[in-house]
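# Report on the structure
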Amino acid sequence: MDREALTKQLIRHEGIALRPYLCPAGRVTIGVGRNLEDVGISEAEAMVLLNNDLDRVEGELQRYLPGFNDLNDVRRCALMDMCFNLGISRFRLFQRFVAAINNKDFTLAAQEMLDSRWAKQVGERAKYLSRMVETGKEMHDE
């Protein structure tokens, strides 16, 4: 079977949707006719999406925070986790936090993380990430 020809045929019939939509049968669908409700995605597909998202988040933070690459791995990881959760547009609203990061005042940055509606919404995640930012050390589950 010629998979390339079949792929072209399916794209011609199904189209390519980069955002979810309701198909004629009323099912949430994406891509080339992928029925998310009945088929979902595989773990491998979820990891491809995650890796793409991490590349995007890292690029956004590199553009927004000039000193991002100068931070140690643990602090970069914490910022990427936070930005992944918030999205870059909401992350940018944390102006005092960003200023503290830029000034390398990691204690103040950690306090700013915790003094937010986001911290109340995500609970333990914010505490965990703020400790990573403050100490620059890997946190272990306690």
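See above for the structure.
Here's a quick rundown of the structure. Remember, predicted model here, so these are calculated numbers, not experimental data. (Residues numbered from 1 in each chain as written. Predicted model: local features only at pLDDT ≥ 70, side-chain atom pairs only at ≥ 80, totals over all residues. Heavy atoms only, no water.)

### Quick notes on the sheet that holds strand E1 (residues 17-22)
Pairing is antiparallel across the open sheet formed by three strands, whose spatial order is E1-E2-E3. At either end of the open sheet lies a strand with only one pairing partner, and these are E1 and strand E3 (34-35). Where strand E2 (residues 28-31) meets E3, two bridges bridge the pair, whose relative direction is antiparallel. When the sheet's bridge partners are listed, Thr-29 is paired in E3 with Asn-35. (Pairing = 2+ DSSP bridges. Helix = DSSP H or I, 4+ residues; strand = E, 2+ residues; numbered from the N terminus.)

### Here's the deal with the pairing of E1
In this sheet, E2 lies alongside E1 in antiparallel orientation, the contact comprising three bridges. The residue bridging Leu-22 from the neighbouring strand is Val-28, located in E2. Connecting E1 to the next strand, E2, in antiparallel fashion are five residues, including Gly-26 with a positive phi near 85°.

### Quick notes on the pattern of salt bridges
Proximity of charged atoms lets side chains of opposite charge pair with each other. Scanning the entire structure with this criterion turns up 10 salt bridges. A salt bridge links Glu-4 to Lys-8, with the shortest nitrogen-to-oxygen separation between them at 3.5 Å. Remark: Lys-8 and Glu-4 occur in helix H1 (residues 3-14); sequence separation between them is four residues, near one turn of the helix. Relative accessible area serves as the criterion here: at 53%, Glu-4 is assigned to the exposed category. Glu-60 serves as the salt-bridge partner of Arg-56, at 3.5 Å between the closest nitrogen and oxygen. One end of the pair is Arg-56 and the other is Glu-60, both in helix H2 (residues 43-64) and four residues apart, which spans about a single turn. Among the residues examined, Arg-56 registers a relative accessible area of 41% and is labelled partly exposed. The exposure class assigned to Glu-60 is buried, which follows from its relative accessible area of 17%. Look at the salt bridges and you will find they share partners, linking Arg-27, Glu-37 and Asp-38 into a network. (Salt bridge = Lys/Arg side-chain N within 4 Å of Asp/Glu carboxyl O. Buried < 20%, exposed > 50% of the residue type's maximum accessible area, 1.4 Å probe, protein only.)

### Some thoughts on the layout of surface pockets
In this structure, the largest pocket spans a volume of roughly 250 Å³. Lining the largest pocket, in full, are Leu-18, Ile-30, Gly-31, Arg-34, Leu-36, Ile-41, Glu-45, Val-48 and Leu-49. Secondary structure elements with two or more residues in the lining of the largest pocket: E2 and H2. When the residues that make up the lining of the largest pocket are grouped by side-chain class, the tally is six nonpolar, one polar and two charged. By volume, the second largest pocket is sized at about 150 Å³. Lining the second largest pocket are Leu-86, Arg-90, Leu-93, Phe-94, Ser-116, Arg-117, Trp-118 and Gln-121. For the lining of the second largest pocket, the leading source of residues is helix H7 (residues 117-122), giving three residues. (1 Å grid on protein atoms, 1.4 Å probe; cavity = no way out; pocket = protein on both sides within 12 Å on 5 of 7 lines; lining within 4 Å. Points joined across faces, edges and corners; volume = space filled by probe spheres on them. Nonpolar A, V, L, I, M, F, W, Y, C, P; charged D, E, K, R; others polar.)

### Remarks on the packing of helix H6 (residues 106-114) against helix H8 (residues 124-135)
The interhelical angle for the contact between H6 and H8, taken along N-to-C directions, is 170°, at an axis separation of 8 Å. By the angle class used here, H6 and H8 are roughly antiparallel. Across from Phe-106, Thr-107, Ala-109, Ala-110, Met-113 and Leu-114 in H6, the residues of H8 making contact are Ala-126, Lys-127, Leu-129, Ser-130, Val-133 and Glu-134. In terms of residue class, the contact of H6 with H8 is built from eight nonpolar, two polar and two charged. (Axes fitted to C-alpha atoms, helices over the stretch in contact; angles between N-to-C directions. Parallel < 35°, antiparallel > 145°, perpendicular 65-115°, else oblique. Contact = heavy atoms within 4.5 Å.)

Everything listed is a geometric property; what it means functionally is a separate question.
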